[in-house]
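Residue-level listing of the chains:
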Amino acid sequence: EETTEEIGKYHALLIGISDYTDPEIPDLDNLPVSDAEKLSQVLINQYSFLSENVVVLKNPSRRDIVIALDDLSKNIGWNDPFIGSSAYIRPVRTLP
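Draft legend 1. Region of the structure containing the nonpolar core. Listed in full, the six residues of the largest apolar core are A12, L14, A36, L43, F49 and V54. Of all the secondary-structure elements, those providing two or more residues to this core are β1 (10-16), α1 (31-46) and β2 (49-58). Excluding residues that lie within four positions of it along the chain, A36 makes contacts with L14, I15, G16 and V56.

Draft legend 2. Fine view of helix α2 (residues 62-75). The first and last C-alpha atoms of α2 sit 20 Å apart over 14 residues, in line with the 20 Å expected at 1.5 Å per residue. Within the sequence span of α2, burial applies to I65, A68 and L72. One side of α2 carries all its buried residues, which in axial view fall inside an arc of 65°. Buried residues along α2 sit in contact with β1 and β2.

Draft legend 3. Highlighting α1. When the terminal C-alpha atoms of α1 are compared, their 22 Å separation across 16 residues agrees well with the 22 Å that a helix rising 1.5 Å per residue should span. Along α1, the residues classified as buried are V33, S34, A36, S40 and L43. Close packing links the buried residues of α1 with β1 and β2.

Rules and cut-offs
Residues numbered from 1 in each chain as written. Predicted model: local features only at pLDDT ≥ 70, side-chain atom pairs only at ≥ 80, totals over all residues. Heavy atoms only, no water. Core = buried A, V, L, I, M, F, W, Y, C linked by side-chain atoms within 4.5 Å. Buried < 20%, exposed > 50% of the residue type's maximum accessible area, 1.4 Å probe, protein only. Helix = DSSP H or I, 4+ residues; strand = E, 2+ residues; numbered from the N terminus. Contact = heavy atoms within 4.5 Å. Expected span 1.5 Å × (residues − 1). Arc of directions from axis to C-beta.

Honestly, it's all geometry; don't read function into it.
Right, here's the structure in full:
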């Protein structure tokens, strides 16, 4: 007997960081923030993402990122698709 499980809701946490306080990091002309905003619209308009499940963080602090990840972990259901990508994220500001 074949069983099928209902696919849950899609979630996305998009982080765009353009403005760093570290003078050694070059100005990124708001491109990462703009890219994150554009990607959120693609996910909502062309894929099965509900707008309330797409979070865009713009120039977040480390604290903002940790809070968003914690919130996301509380909202993802057992049958919600999860797609991950790893990258080094350096927050705009770090906690002391």
